[in-house]
Amino acid sequence: MMYCILVEDNLLWNRRIAGYISNTPGLILKDNYSSGEIAEKEMMKLNKPVDVLFIATDMQCCRAMELITKIRSKTKLLILISNRECDAIAGYSVEANQFLLKPFDIESFNIAVGQLIAKTERAEPSILINLTAKKQIELHLNEIIAIEAAGNYIKIHSINKSVIAYSSLETIKNKLS
């Protein structure tokens, strides 16, 4: 799962993009801002970077590229959204990962996001761990610190959390191979 923040001051586009994010498997809309100033204040409070920032560069209320420069360290992936093609070129200076030119539809959105997710998945290998018959979590391999046996369970320690799963060390070993 990738947690997302959306910053778009045009309410029509804000609702549309929020809907696209919500309907895209693997994306979760964490926060949605219609003001660049509020987004900046809230994002500066983040202790760890959000996975994806969707941000409009054609906002009326602020100088978007200056805002992006300030908050770039608070996001892993950056998707710029604009009705101006020249903003795509400006995106190189803020290390944007993708650019969406308005107007765009769900198909264009899915193509752009799909390419980004595919690149990210190749960069961060992960495994699915069955916690229960109906609940799974995804753990990135580079975040796993240790795995220990606990009877019929295993305890997996990662950078952010520890989880207990009904499994054996042999099963996990095979998944990691």
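The rules behind each value
Residues numbered from 1 in each chain as written. Predicted model: local features only at pLDDT ≥ 70, side-chain atom pairs only at ≥ 80, totals over all residues. Heavy atoms only, no water. Helix = DSSP H or I, 4+ residues; strand = E, 2+ residues; numbered from the N terminus. Buried < 20%, exposed > 50% of the residue type's maximum accessible area, 1.4 Å probe, protein only. Contact = heavy atoms within 4.5 Å. Phe/Tyr/Trp six-rings, centres within 6.5 Å; stacked < 30°, edge-to-face > 60°. Pairing = 2+ DSSP bridges. Core = buried A, V, L, I, M, F, W, Y, C linked by side-chain atoms within 4.5 Å.

Peer 1: Outline the environment of Asn160, supporting the account with residue identities and numerical values.
Peer 2: Along the chain, the position of Asn160 falls in the loop between strand 9 (153-158) and strand 10 (162-166). The class for Asn160 is partly exposed, based on a relative accessible area of 48%. Measuring from C-alpha to C-alpha, the distance between Asn160 and Ile145 comes to 9.9 Å, with 15 residues separating the pair along the chain. Apart from the residues within four sequence positions on either side, Asn160 is in contact with Lys48 and Glu143.

Peer 1: Provide a residue-level description of the packing of aromatic side chains, including the pertinent values.
Peer 2: The tally for this structure, following the rule as stated, stands at five aromatic pairs. Ring geometry for Trp13 against Phe104: centres 4.9 Å apart, planes inclined by 35°, an arrangement best described as tilted. Taken together, the residues span a long stretch of sequence, with Trp13 in helix 1 (residues 11-22) and Phe104 in the loop between strand 5 (98-101) and helix 5 (106-123) at a distance of 91 residues. A relative accessible area of 9% places Trp13 in the buried class. When the ring of Tyr20 is compared with that of Phe104, the centres are 6.2 Å apart and the planes differ by 55°; the resulting orientation is tilted. Taken together, the residues span a long stretch of sequence, with Tyr20 in helix 1 and Phe104 in the loop between strand 5 and helix 5 at a distance of 84 residues.

Peer 1: An account of the pairing of strand 10 is requested, with residue identities and associated values reported.
Peer 2: Side chains Val163 and Ala165 of strand 10 all project onto a buried face; the interleaved residues Ser162, Ile164 and Tyr166 project onto a face where none is buried. Summarising the sheet, strand 9 and strand 10 pair through five bridges and their orientation is antiparallel. Considered in strand 10, the bridge of Ile156 is made with Val163. Where strand 9 hands over to strand 10, the hairpin turn is made up of three residues, counted between the paired strands.

Peer 1: Can you explain the nonpolar core? Please cite residues and give values.
Peer 2: With 21 residues, the main nonpolar core has Ile17, Ile21, Leu27, Phe54, Phe104 and Phe109 as its most contacted residues. Elements supplying a minimum of two residues to this core: strand 1 (2-7), helix 1, strand 3 (50-56), strand 4 (75-82) and helix 5. In contact with Phe54, not counting residues within four places along its chain, are Cys4, Ile5, Leu6, Val7, Ile21, Leu27, Ile79, Ile81, Phe109 and Val113. Within the second largest apolar cluster, 18 residues are counted, among which are Ile5, Val7, Ile68 and Val94.

In short, the description is geometric, and any link to function would need to be established separately.
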